[in-house]
Amino acid sequence: MEIVKTLQEIVNELDSIDTYDEGIAGRLSEIDQKIQDLLHYIETNKISILWSYKYMVELKKLRVERRQIKNDMYLLSKFNEHKNKMISSGNRQFLMREIYKAEKQLEIPYKNRQYKDGEIEDILKPNKDKNKEKSLV
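Let me sum up the structure you'll find in this document.

Thresholds, definitions, all that
- Residue indices begin from 1 for each chain and proceed along its sequence in written order.
- With pLDDT at 70 or above as the cut-off, local features in this predicted model cover only qualifying residues; side-chain atom pairs require 80 or more to be listed or tallied, and sums for whole chains, interfaces and linings still use all residues.
- Each side-chain value is derived from all of the structure's non-hydrogen atoms; neither hydrogens nor water enter the calculation.
- Under the scheme used here, helices are H or I runs from DSSP no shorter than 4 residues and strands are E runs no shorter than 2 residues, and both carry numbers assigned from the N terminus.
- With C-alpha atoms as the basis for the radius of gyration, the globule rule is written as 2.2 Å multiplied by the number of residues raised to the power 0.38.
- Residue exposure (1.4 Å probe, protein chains only): buried if accessible area is under 20% of the type maximum, exposed if over 50%, otherwise partly exposed.
- Note on contacts: a residue pair is in contact if any heavy atoms of the two residues lie within 4.5 Å.
- We get accessible surface area from the Shrake-Rupley algorithm with a probe of 1.4 Å; when it comes to residues, only the shown protein chains can shield them.
- Charged-residue counts in this description rest on Lys and Arg as positive and Asp and Glu as negative, His and the chain ends being excluded.
- By convention, the charge on Lys lies at NZ, on Arg at CZ, on Asp at CG and on Glu at CD.
- Patch membership requires over 30% relative accessible area and the absence of a salt bridge. Like charges are linked within 9 Å, and nonpolar side chains (Val, Leu, Ile, Met, Phe, Trp, Tyr) within 5 Å.
- Any carboxyl oxygen of Asp or Glu that lies within 4 Å of a side-chain nitrogen of Lys or Arg is treated as forming a salt bridge with it.
- Only Phe, Tyr and Trp rings are paired, with Trp represented by its six-membered ring, and only when their centres lie within 6.5 Å; those with planes under 30 degrees apart are stacked, over 60 edge-to-face, the remainder tilted.

## What to know about the overall build of the protein chain
Right, so step 1: Helix and strand counts for the protein chain stand at 4 helices and 2 strands.
Right, so step 2: In sequence order, the secondary structure elements of the protein chain are arranged as α-β-α-α-α-β.
Right, so step 3: A compact globule built from 137 residues should have a C-alpha radius of gyration of about 14 Å, whereas the protein chain, at 22 Å, is more than 25% larger.
Right, so step 4: Based on the C-alpha atoms only, the size of the protein chain along its principal axes is roughly 70 × 30 × 25 Å.
Right, so step 5: A burial count over the protein chain gives 16% of its 137 residues as buried.
Right, so step 6: Excluding contacts between residues fewer than 6 apart, the proportion of contacts in the protein chain whose partners are at least 24 apart in sequence is 69%.
Right, so step 7: Accessible surface, the protein chain as shown: approximately 11600 Å² in total, 56% of it carbon and sulfur.
Right, so step 8: Considering the protein chain, the positive charge centre built from 26 side chains and the negative charge centre built from 24 side chains are found 6 Å apart.

Written out as structure tokens, the structure is:
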């Protein structure tokens, strides 16, 4: 085993995680501002059906990216709570169990806070009278 090389790789990976952790809040803020820009544009402009689809695609892309960042922030918070335990070999497995447990919690499906089950789908279902509209107000 090349001890120096292996330790350098570990240090590089930990530095990479720290660098990512330091910049993640700024990235979240940037995405939140982009989402707000889109929402304000939608609020103040008439939008055709074609453009509404394009906006939804962009909004979804940003929300997916935002969710990944929020998940990473949660996992990093668990890592940071316990990273001092990496010194002892016995504690490293404890740290990994905590990280795996946090990862499992992130897999729990989202529960709506205001809408009841099915209400969002009802809003998005095409309505025969509304299909004739050319733009959204």
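There's more to say after this.
## So, a positive patch on the surface
Right, so step 1: A cluster of like positive charges, contributed by R63, R67, K70 and R113, occupies part of the molecular surface.
Right, so step 2: Relative to the assigned elements, K70 resides in helix 2 (residues 49-82).

## Observations regarding a nonpolar patch on the surface
Right, so step 1: A contiguous nonpolar patch, built from M1, I3, L7 and I10 and spanning about 460 Å² of accessible area, is present on the exposed surface.
Right, so step 2: The topology assignment puts I3 in helix 1 (residues 3-44).
Right, so step 3: For I3, a relative accessible area of 49% gives the class partly exposed.

## Let's talk about the packing of aromatic side chains
Right, so step 1: Per the stated rule, a full pass over the model turns up 2 aromatic pairs.
Right, so step 2: Each ring, one from Y41 and one from Y55, has its centre 5.5 Å from the other, and the planes form 35°; the classification is tilted. Pair noted here: Y41 is in helix 1 and Y55 is in helix 2, with a separation of 14 residues, a long-range link.
Right, so step 3: Both rings, one in W51 and one in Y55, keep their centres 6.4 Å apart while their planes meet at 45°; by these two values the pair is tilted. With W51 and Y55 both in helix 2 and 4 residues apart, this pair spans about one turn of that helix.
Right, so step 4: Cluster of aromatic residues (ring-pair linked, three or more members): Y41, W51 and Y55.

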